[in-house]
Amino acid sequence: MIEVNELSKKYYTFERGHTMREVIKTLVHRPMKEICAVDRISFKIEQGEMVAFLGPNGAGKSTTLKMLTGVLHPTSGEVRSLGLVPWKQRREYVRRIGAVFGQKSQLIWDIPPSDAFYMNKAIYSISDKDYAETLDELVELLQVGDVMRKPTRQLSLGERMKCEFIMAMLHRPELVFLDEPTIGLDMIAKENIRSFIRSMNKRKVTFILTTHDLEDVELLAERVMVINHGQIVVDDSLTGLRNRLGNKKSVRLTTEQPVPDSLPAGLKLLERIGPLEVELEIDTSALALKPFISQFNESYGIIDMAIEALPIEAVMKQLYEKSHTPVHSV
Amino acid sequence: MKGILACWSSMMRVKLAEMMAYRSHFILSVLLLIVGDLVVPLVTLLVYRSGASFPGWTLHEALLVQAVFVLAKGIAFPFFFGMVGTTLSQVREGTFDLLLLRPRPVMFMSMLSGFDPDDFGRLVSGSVLFAFAMQGIVIPGGAAWVQFSLLFIASIAILFSMSLFLSGILFRWVGSSRVFDIFDAVSGFGMYPGTIFSKALQNVFTYILPIGLIAFVPASALLGREGWGSLWTLASAAALVLLGIVYWNRMLKNYTSAGG
C-alpha cells in the first residue's frame, strides 16, 4: 500500500543568536543553516496495518508524515501510496486518505460540528445516501449524537476529538494518518478513541499513528518505526521491540528489611518507592526468577511482589539516547 | 462545475452561520464597512461644496468613479480578498496543511476558507453611492451599459489577480500583515478620476499597476467618455489573472508548513 524509497527532506532555516547585537545584525544579514529533517528513509506498509511512528521531538516524524500526505514535496526519494505519488497526484490521493491532528482542528470553532461535516460532504462530493449512512454509523460508534449539534467551542476535548474523527472518516478513507490523536484526553476518552480506531482497523483501514503516548502504542500498534535524527533506527513489531530488552523484567517488591543500593549481578535498582518498597530490573538471563525470589526472601523477607515485562518506555529511552545507528528488522 | 457550486453554497452557509453566532459583531462590521467606504465620497462632496472640483468632472461623475470602485470591492472582497487574511494566519500557524488535504485545488480551497460575508456591506455602500451618483448624470444608453458591464467584469478580475499576488507573497513573507497596507496605499489612487493625475502617473495606473482600470475606465465608459477600444482592458485583466494564478502556484512551492 505504501512504498517509501530513500526519502529525504532538507530545510533551510535562519540562525541567529539571542543578544541585541545579533538580533539587529539579522536585519542586514541572516546566516542560513541546512537542516536534514528526513535522511534517506525507506519502508513499506501493507493494507490494514496499524503502524506507530515514534521518535523524540524534532526527529522527523511529522515531516515524514507530511510527505506521505502530499503536504510537502521531498528533496529526493520516492513514495508510492495507494498506487499514487502523494505530492504529484494530490487531489486524487487525498480523496482516499484521512487525517486527524491532535493539535490542528478541522472543525469550525463557533458552529456545530454537524455544519462542518456538511461542508466536508460538499468538498468530497459525497452523495446524500453515502453521507447519511456513514454519518449515522460513525455517530453511533462514537456516540456523539447529542454532541454534534452544539457549537464546537462548547464541547469537551474528548467530544471534539470524536468529531474530528468523523470529519476524517466521512469519505471512507482507506488510509488514515493520526498525529497525536489522544493528546490531552482523559483515560475514558482515550479508550473510546482507541476502541474506535481498532474497530476501523478491523475493516482494513490502515492507520499510521504518531504519538508520544506509549500506551497508545502498546494498545494499538502492531508495528513500530522509531525515527531519530531523520533516520529510521528501528522498524519492528511491538513484540520485537520488547525483546530488545532481552530477558529483563520489572519487579516491584515490598520487604520486611530495606533493600540496599548495591545489588548482585543481574539486578538493578530502578526506583526506591519507600523505605521498604523498591522497583528492580531483573535480567533473567543472568539471574533466574526462582533463585532470585528464594535469595531475596531469605535476605530481606518478601511481603508483596509484582513481576511485569519492562514498560516500553525503557526501550524508547535507550533508542532516543543512542546516536543514529539504523537497525532494521522486519 | 456542480461540485464547485456545491462547495461555495456550503461554505457560504457555514460562514453565515459563523457570523450569526456573533450577530452584533456581524452587524457592527457591516455598518463600519459601510461608513468606512463612504469617507472618501463624503470628503469629495465637501471638496465640491467648497467650490473646488476635479477638472472636467462634476460631483456626480467623480462619485460615480468611487461608487464603481466600492461596488467592485463589494464583489471581489467577499469572494477573493479573504484569502489574503486566511493565508496570512494559516501559513504562519501551519494550518494551511489542512487545505492541502482536501481533494480540491488549493487556490479554490483558500478562497473558500477566506470567504467573508462581512464584506458584502461594501455592496450596500457601493449601491447607495451608485444610485446617488446616477441621479446627477445623463442616463446612459444600452451600449454604454454593455461596455460598463464588460469592463466591470474586468475590474473584478483585476482585483482577483491582486488578491493572488498579495496572498502568494505570504508564502515567502510569512506573517507579513503589511500586505493589506500595500493594497490600501496603492488602491487609494483608484478612487479618483484618472485624468487628475499627470500623464506619467496615468500610464503607471493603467499599464503597470492597473488601479485605473478598476473604476475609472468602467465609470468613463458609462459616462460615454470611452470608446469600444477600452475593451482592451478585458485582455489585460485576463492576462493579469493568468499571471496571478501562475505566480500563486509558483509561490505555493515555498510553503514549508510549521513544526509537527
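Draft legend 1. Highlighting the overall build of chain A. When its secondary structure is counted, chain A shows 11 helices and 14 strands. The contacts in chain A between residues at least 6 apart in sequence include a share of 71% that link residues at least 24 apart.

Draft legend 2. Broad picture of the interface of chain A and chain B. Across the boundary between the two partners, chain A contributes 26 residues, which contact 21 residues of chain B. Each residue belonging to the side of chain A that touches chain B can be placed in one class, and the counts come to 13 nonpolar, 5 polar and 8 charged.

Draft legend 3. Structural context of the domain arrangement of chain A. Domains assigned within chain A are domain 1 (2–242) and domain 2 (246–309). The centre of domain 1 of chain A, based on its C-alpha atoms, is set 41 Å off from the matching centre of domain 2 of chain A.

Draft legend 4. Looking closely at the sheet that holds strand E13 (residues 302–309) of chain A. Residues and elements named next belong to chain A. Strand order in the open sheet formed by 4 strands is E11-E12-E10-E13, and the pairing between neighbours is antiparallel. Among the strands making up the open sheet, the edge pair consists of strand E11 (267–274) and E13. Going across the sheet, the axis of each strand differs from the next one's by a mean of 20°, ignoring polarity. Examined bridge by bridge, strand E10 (residues 248–255) and strand E12 (residues 277–283) share 7 bridges and lie antiparallel to one another. By the bridge assignment for E12, Leu-253 is matched with Val-278.

Draft legend 5. Expanded view of the nonpolar core. Judged by nonpolar contacts, the single largest core of 134 residues is most densely connected at Val65(B), Ala72(B) and Ala76(B). In terms of residue count, the dominant contributor to this core is helix H4 (residues 59–93) of chain B (20 residues). Apart from the residues lying within four places of it in its own chain, the contact partners of Ala76(B) are Phe81(B), Ile156(B), Leu159(B) and Phe160(B). Ranked by size, the runner-up nonpolar core spans 7 residues in total, among them Val251(A), Ile282(A), Phe292(A) and Phe296(A).

Draft legend 6. Fine view of the sheet that holds strand E4 (residues 76–81) of chain A. Residues and elements named next belong to chain A. Reading across from one edge, E2-E1-E4 is the order of the 3 strands in this open sheet, with antiparallel pairing throughout. Two strands lie at the open edges of the sheet, namely strand E2 (32–45) and E4, each paired on one side alone. Pairs of neighbouring strands in the sheet enclose a mean axial angle of 30°, with direction left out of account. Direction of pairing for strand E1 (residues 2–14) relative to E2: antiparallel, over a ladder of 10 bridges. What sits directly across from Tyr-12, in E2, is Glu-34.

Draft legend 7. Helix H7 (residues 187–202) of chain A, seen in detail. Residue and element names in this part refer to chain A. Across its 16 residues, H7 extends 22 Å between first and last C-alpha, which sits within 8% of the 22 Å expected from 1.5 Å per residue. Those residues of H7 that fall on the buried side of the exposure criterion are Lys-190, Asn-192, Ile-193, Phe-196, Ile-197 and Met-200. All buried residues of H7 project into a common sector of 160° when viewed along the axis, lining one side. The outward face of H7, more than 90 degrees from its buried face, is lined by the exposed residues Met-187, Ile-188, Ser-199 and Lys-202. Structurally, H7 contributes buried residues whose contacts are with helix H5 (128–142), helix H6 (157–169), strand E7 (206–210) and helix H8 (214–220). Positioned one or two residues after H7, Lys-204 has a phi angle of 75°, which is positive.

Here is what the cut-offs are and how they apply
- All residue numbers refer to position in the chain's written sequence, counted from 1.
- Written order determines the labels here, with chains lettered from A and ligands numbered from 1.
- Where totals are concerned, whole chains, interfaces and linings use all residues; where local detail is concerned, this predicted model gives features only for residues with pLDDT of at least 70, and gives and counts side-chain atom pairs only at 80 or more.
- Under the scheme used here, helices are H or I runs from DSSP no shorter than 4 residues and strands are E runs no shorter than 2 residues, and both carry numbers assigned from the N terminus.
- Residues are treated as contacting if the C-beta atoms built from their backbones sit within 7 Å of each other.
- Side-chain classes follow a simple rule in which Ala, Val, Leu, Ile, Met, Phe, Trp, Tyr, Cys and Pro form the nonpolar group, Asp, Glu, Lys and Arg form the charged group, and the remainder, Gly included, forms the polar group.
- Start and end points for every domain follow an automatic or database-based domain assignment.
- Two strands pair under a simple rule: DSSP has to find at least two bridges between them.
- Throughout, an axis means a line fitted to C-alpha atoms (over the contacting stretch in the case of helices), and angles, computed between N-to-C directions, take values from 0 to 180 degrees.
- What we call a nonpolar core is a set of buried Ala, Val, Leu, Ile, Met, Phe, Trp, Tyr and Cys residues whose membership is set by joining through C-beta atoms within 7 Å.
- Each residue is classed by its C-beta neighbour count within 10 Å, where at least 20 other C-beta atoms makes it buried, 12 or fewer makes it exposed, and intermediate counts make it partly exposed; the C-beta atoms are placed from backbone geometry.
- Helix span, as expected, comes to 1.5 Å for every residue beyond the first.
- Working note: the arc is built from the helix axis to C-beta atom directions.

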